[in-house]
Amino acid sequence: MKEMKFEYLIEGGDFIRAGHASSDIKKILNQLNLDPAIVRRIAVSMYEAEVNVVAHAFRGVMKVNINPERILVLVEDEGPGIPDIAQAMQEGYSTASDKVREMGFGAGMGLSNMKKNTDILDIHSAINRGTVVKMTTFTKSGAS
Amino acid sequence: MSSAFHHALKIEEEVCTGCTHCIQACPTEALRVKGGKARLIAERCVDCGECMRVCPVNAIKVEEDDFTKILDFEHRVAIVPSVFIGQFARNIATRKIYSGMLEEGFTHVYEAEHGSGILIDLINKYLADHPGTRPVISSFCPAIVRLIQVRFPSLVGNLMPFKAPLDLAAISFRKKLTEQEIPEKNVGVFYITPCAAKIAAVKSPVGEETSPFNGVINMNTLYSKVFSVIKREEKSFCIVPEKEQLLPEEMEWTLTGGEARHIHGRCLSIDGISNAIEFLERLENGTLGNFDFLEMRACDKSCAGGILSSTNRFLVSERLHKRAEQYYIDKGNGKIFNNKTITLYKDYVIANASLHDIEPRSIMKLDEDMVLAMKKMQKIQKIKGYLPGIDCAACGAPGCRALAEDVVQGRARTSDCVFVAIKVKGGETMSQVAEYTEEIWGRNRFKNMLPE
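Being a predicted model, the structure only gives us computed values, none of them experimental.

Novice: Please set out the overall build of chain A residue by residue, giving values where relevant.
Specialist: Across its full length, chain A carries five helices and five strands. Counted from the first residue to the last, chain A has its helices and strands arranged as β-α-α-β-β-α-α-α-β-β. Radius of gyration (C-alpha) of chain A: 15 Å, near the 15 Å computed for a compact globule of 144 residues. Referenced to the eigenvectors of the C-alpha coordinate spread, the extents of chain A come out at roughly 40 × 30 × 25 Å. Counting only residues that meet the buried cut, chain A has 37% of its 144 residues in that class.

Novice: I'd like a rundown of the overall build of chain B, residues and numbers included.
Specialist: Check the secondary structure of chain B and you find 18 helices and 11 strands. Expressed along its principal axes, the backbone C-alpha trace of chain B runs to roughly 85 × 55 × 40 Å. Among the 452 residues that make up chain B, the fraction classed as buried is 43%. Long-range contacts, defined as pairs at least 24 residues apart, comprise 76% of the intrachain contacts of chain B with a sequence gap of at least 6.

Novice: Go over the interface of chain A and chain B, please, and point to the residues and values.
Specialist: In this assembly, 20 residues from chain A lie in contact with 21 residues from chain B. Looking at the side of chain A that touches chain B, the elements that each hand over two or more residues are α1 (20–31) and α2 (36–56) of chain A. Here the element with the most residues in the side of chain A that touches chain B is α2 of chain A; it accounts for seven residues. Of the residues that constitute the side of chain A that touches chain B, the class distribution is 11 nonpolar, seven polar and two charged.

Novice: Quick rundown of the sheet that holds strand β1 (residues 4–11) of chain A? Include the residues and the values.
Specialist: All names here are of chain A. Read across the sheet, five strands follow the order β1-β2-β3-β5-β4 without closing on themselves; strand pairing throughout is antiparallel. Unpaired on one side and paired on the other, β1 and β4 (120–126) mark the two borders of the sheet. For this sheet the average axis-to-axis angle between neighbouring strands, irrespective of direction, equals 10°. Bridging between strand β3 (residues 70–78) and strand β5 (residues 130–138) involves nine bridges; their strand directions are antiparallel. Note that in β5 the partner of Val-75 across the bridge is Val-133.

Novice: Kindly report on the packing of α1 of chain A against helix α11 (residues 273–285) of chain B, identifying the contributing residues and their values.
Specialist: Contact geometry of α1 of chain A with α11 of chain B gives a least axis separation of 10 Å together with a crossing angle of 95°. Judged on the interaxial angle alone, α11 of chain B and α1 of chain A are roughly perpendicular. Listed contacts from α11 of chain B to Ser-22, Ser-23 and Lys-26 of chain A of α1 of chain A are Glu-281, Glu-284 and Asn-285 of chain B. Each residue belonging to the contact of α1 of chain A with α11 of chain B can be placed in one class, and the counts come to no nonpolar, three polar and three charged.

Novice: Which residues make up the sheet that holds strand β11 (residues 293–297) of chain B, and what are the values?
Specialist: All names here are of chain B. In spatial order, the strands read β7-β11-β10; together these three strands make up an open sheet with parallel pairing. Whereas interior strands pair on both sides, the edge strands pair on one side only; in this sheet they are β7 (136–137) and β10 (267–271). Direction of pairing for β10 relative to β11: parallel, over a ladder of five bridges. Along β11, the bridge assignment pairs Ile-270 with Met-296.

Novice: Tell me what's going on with the pairing of β3 of chain A, and back it up with residues and numbers.
Specialist: All names here are of chain A. Alternating residues of β3 divide into Ile-71, Val-73, Val-75 and Asp-77, all buried, and Arg-70, Leu-72, Leu-74, Glu-76 and Glu-78, none buried. The pairing of strand β2 (residues 59–66) with β3 spans eight bridges and is classified as antiparallel. Each bridged residue has a counterpart across the sheet, and for Met-62 the counterpart in β3 is Val-75. Where β2 hands over to β3, the hairpin turn is made up of three residues, counted between the paired strands.

Novice: Explain the domain arrangement of chain B to me, using residue names and the numbers behind them.
Specialist: Entries for chain B in the domain assignment read domain 1 (1–62), domain 2 (67–351) and domain 3 (365–452). Relative placement of domain 2 of chain B and domain 3 of chain B: their C-alpha centres are 43 Å apart.

Novice: A description of helix α16 (residues 400–408) of chain B should follow, citing residues and the corresponding values.
Specialist: All names here are of chain B. Counting buried residues along α16, eight of its nine residues qualify, which places the element largely inside the surrounding structure. Burial in α16 covers these residues: Cys-400, Ala-402, Leu-403, Ala-404, Glu-405, Asp-406, Val-407 and Val-408. Positive backbone phi, at 80°, marks Gly-410, one or two positions downstream of α16.

Novice: Describe in detail unusual backbone geometry, supporting the description with residues and values.
Specialist: Residue and element names in this part refer to chain B. Residue Pro-135 is bonded to the preceding Arg-134 through a cis peptide linkage, with omega at -15°. With respect to the helices and strands, the residue Pro-135 is situated in the loop between α5 (116–129) and β7. The phi dihedral of Asp-391 falls on the positive side, at around 50°, and the residue is not glycine. Structurally, the position occupied by Asp-391 is in the loop between α15 (370–386) and α16. Of note, the phi angle at Ala-393 is positive, near 70°, even though the residue is not glycine.

Novice: Just give me the short version of the confidence of the model for chain B, but keep the residues and values in it.
Specialist: Of the residues in chain B, 97% reach a pLDDT of 70 or more, and the chain-wide mean stands at 91. Predicted complex, confidence summary: ipTM 0.83, pTM 0.90.

Novice: Hey, could you go over α2 of chain A for me, with residue numbers and the actual values?
Specialist: Over its 21 residues, α2 of chain A extends 30 Å from the first C-alpha to the last, a length consistent with the 30 Å expected when each residue adds 1.5 Å. Across the 21 residues of α2 of chain A, 19 count as buried, placing the element largely inside the fold.

Novice: Lay out the pairing of strand β2 (residues 31–34) of chain B in plain terms, naming residues and giving numbers.
Specialist: All names here are of chain B. Inspection of the sheet shows β2 paired to strand β3 (residues 37–40) by four bridges, in the antiparallel sense. Opposite Lys-34, over in β3, you have Lys-37 as the bridge partner. Hairpin geometry of β2 and β3 is characterised by an intervening segment of two residues between the two adjacent antiparallel strands and by a positive phi of about 60° at Gly-35.

Parameters at a glance
Residues numbered from 1 in each chain as written. Chains lettered and ligands numbered in written order. Predicted model: local features only at pLDDT ≥ 70, side-chain atom pairs only at ≥ 80, totals over all residues. Helix = DSSP H or I, 4+ residues; strand = E, 2+ residues; numbered from the N terminus. Rg over C-alpha atoms; globule rule 2.2 N^0.38 Å. Buried ≥ 20, exposed ≤ 12 C-beta atoms within 10 Å, placed from the backbone. Contact = placed C-beta atoms within 7 Å. Nonpolar A, V, L, I, M, F, W, Y, C, P; charged D, E, K, R; others polar. Pairing = 2+ DSSP bridges. Axes fitted to C-alpha atoms, helices over the stretch in contact; angles between N-to-C directions. Parallel < 35°, antiparallel > 145°, perpendicular 65-115°, else oblique. Domains from an automatic or database assignment. pLDDT = per-residue confidence, 0-100. Expected span 1.5 Å × (residues − 1).

Right under this line is the structure:
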C-alpha cells in the first residue's frame, strides 16, 4: 500500500504515442495531491525521456514507482547507447537524425531539460546495448 | 472571496427531468443525478454553461439581478459588451440601441471594451518584463480562469494578472461620476452579461477583493426589453447621439483573436472549452512548442457564443466585424469624435488594473494526505475493474471512473451501478435493485413501465 508501480512500453520511432506515459503519470500525481510545480517538472522530464527513447532507441520500458517520499522514474532502452554522456548533457548537442529533426525534435535539449527538472539524474549507457536513465524527484521541495 | 464558490448556474428542480445530458457535458464532472434531479458539486463548477447549452428542458437558469434593482440608484450605468450590439440586425443603428437602453431606465451607457486599449499596453509590457513566464495565458474569460484553477493548478502562475476590460471600463466610469461630486452610494454600475461565468466573476471575484459592479443583468433579458422598445416606439422615440465610440480593435476584442492579434510574439487564440482543455493538457505535459501568449475563451466564437446570447454566434461576429469596418468609413467622412473618457483616467485605471495571485484549488486530489490519496487511488482502480466501462451514466455519475471515485469518496455505492446490482449482487432480489435505481432516478421515473 505504501508504493504504486506503473509500467509503460515505448516503441522506437513512434512519435505519435510519445508523451502518453508522462500524461498518464501527470494525472495520477495530480490525484495524489502532489505540489503542482513538482508534477509539472516530472511530466516534462518524463516526456523528454520518452522522446529520447522514441528518437534514438529501438524500444524501451518506462517504470514509475511512487511512494510518499519520492517519485522514481526508470527508463531502460535497447539502442545505440550514448558514447559520451557528459557531451550529450550539453545544451544543443544532438545526434538526432535529419528525419527526427524534421519532425521538430532533436534540438539537443532533452538531457539538459531532464537534468533541470529532476532532483537526481543518473545515466548509465553501454554502446550498442542501450541506456538506463534513473530520475528521482522528491515529493517535498527542498527534501533530500 | 473565491473560497465561497458562488455559482451563477442554478438547476430548477421543478423543471429538471433528471436526464443525463448535463452530467455528461460538464467538463469538470461537476454534476450528478440523485433523487431524479441533477445536482451540482459546487467546488467543481467553473460556470462555463455547457450544461445549460445541452439541457433539453431548459431547467438550468442563470442567477441574475432583478432588473428593477437598477432603480435603487439615482445614476444607473450600463456597462455593455459589444456583443450586445451584435444581437441586433444590422439595420438597427448603435445609437438606436443605446437610446433603447436609456429608455429602459439606464442613465448612462458605456461599452465594456473601452478598457481594452489600456490592457494591450499592460499585457505587452508584462510580457517584456517577465521573459521567464511563458506562455502567458489571458485571464479575460472567467470560465477559463476557473478551469485552470481546478483542473490545471500548475498553470495558475501563467495567468496574466490583469482585470478584464469590463472592470477597467467600470472603474473609470465610476471615477468620472464621483469626480462630478456624485456620492458613491448614488452610483449603480451594472454589467450586461453574455454568459454565466461573468456573473460568477462579479459575485465572487478571483484575484480581487471586490468587484466594481453593483449588479449583473442577463443580456437576454435586456435584449428583449430593448428590442421591444425599439419596435414599439420606432417613430416617436428620441434618438440620443453616441457620446463615445469604441475603436475598431476594441469592438472586436471579445471575438476570437481579438486579444491575441495585439500581443507581441507568438500568440494563439483558442475558443471552445474542449479545445482549451486539449491545449492546456498539452501545455502541462510540456509537449507544445514555445508560445508567448494564449488567448482562451470557453465559448465557441468567444463571447459571440455566450450562453446568454440570443442571436446566432456567426451573425453576432459578422455584425461586429462590419461595425469595425464602418468605423474606418465614418472616420474618412470625418464623423468620428474620440474624446475617450478612459484616457482621462488612464493612470487611475492602470493603478487599479492588477489582480492578486490566483490560487489553485485542485478538484483532482483524492485526499490532502498523499498516503491516503494513494490508498484511495488503489481502491478506485479496484472498483473500476468491477464496473462495465460503458459510461452509461445510469448510476447518476458521468461515467464508470467517476462512479468509482464517488464510491471511494463516500458519495455513492457500487450497487448504484445497475449492472453490478444485477450481476454481482446476485443475492439481492430484483425489487431491491429497482429500489436502488429509484433512489437515483426518482420514485416516479419508472411508474409508467408496464410489467410484461
